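# Fold and contact review
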Amino acid sequence: TNCCLQKFSAPKVITVPDPATSYVNFTKSSGLLDEKGSLSSSTRKISCFLRDWTLEYRGNLDQSEFYTIKRQFENQLTHLVLAIAQKKSLDIHLLPMHTFCVGGDDRIYNRRFAKALNSLAKEKQVQLTLDFEREPISPVKILQYMSHTKLNLCMRFHSVLFAETLGVPYIAIDYTNGGKIRSFLASKSKLDRLLTLQDIA
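A brief look at the structure comes next. Computed from a prediction, not measured in an experiment: that's the story for all the values here.

### Some details on the packing of aromatic side chains
On inspection of all chains with the given rule, the structure shows five aromatic pairs. Taking the centre distance of 5.9 Å and the plane angle of 15° together, the rings of Y109 and F113 count as stacked. With a gap of four residues between them, Y109 and F113 both fall in helix α4 (residues 106-124), about one helical turn apart. Across the pair, F113 and Y109 agree in class, each one buried. Relative to F184, the ring of F157 lies with its centre 5.7 Å away and its plane at 75°, an arrangement referred to as edge-to-face. With F157 in helix α6 (residues 157-166) and F184 in helix α7 (residues 180-187), the pair connects residues that are 27 residues apart, well separated along the chain. Residue F157 is classed as buried on the basis of its relative accessible area of 12%.

Take a look at the structure:
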């Protein structure tokens, strides 16, 4: 809003919510979230909605700094997810928010992340129950999973918006370095839910 006001003169400006907010509210009121359907019977899960951190989101970092922090971030994220799962006795479920080739298919990242989690669990000699979605899933199914889980770890912007609008437990990872995720959480007075990439790295 501030950017628009600086660049354009307008007599009246109205800020409207992201249309996905209305979709989530409609889905909640329709009773669809109560239908578990084919969801796993176990709700003792940490559901992870992660994405690859790509070069266009590096901000002021030069390329070398970006790749150093990216490696540290991915390594420590693996430790973080495994530690939460162990401490709270949760299964790990990796879900895609985005499954198109353009923009990065989250299922590709999830396969890589699952491999890293399995390697870490083996190294630490701990039991790990891990699942990840191999097919595209609908927004309704994503909302159902979010509603029937103990914790949602959100990285894609709309996963943060979904979890906040649903009112379910979540932590948000800001891959935009102070961009849309931070602004959204600030507007909701929920910056206590925010972790930066640098925090994790």
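That covers the picture; the talk isn't over yet.
### Considerations on α7
Considered for burial, the residues of α7 that qualify are I181, F184 and L185. Looking straight down α7, one finds that the buried residues subtend no more than 95° of arc, so they occupy a single side. Contacts made by the buried residues of α7 are with α6, β5 (170-174) and β6 (194-196). Remark: S189 follows α7 within two positions and exhibits a positive phi of approximately 55°.

Rules and cut-offs
Residues numbered from 1 in each chain as written. Predicted model: local features only at pLDDT ≥ 70, side-chain atom pairs only at ≥ 80, totals over all residues. Heavy atoms only, no water. Phe/Tyr/Trp six-rings, centres within 6.5 Å; stacked < 30°, edge-to-face > 60°. Helix = DSSP H or I, 4+ residues; strand = E, 2+ residues; numbered from the N terminus. Buried < 20%, exposed > 50% of the residue type's maximum accessible area, 1.4 Å probe, protein only. Arc of directions from axis to C-beta. Contact = heavy atoms within 4.5 Å.

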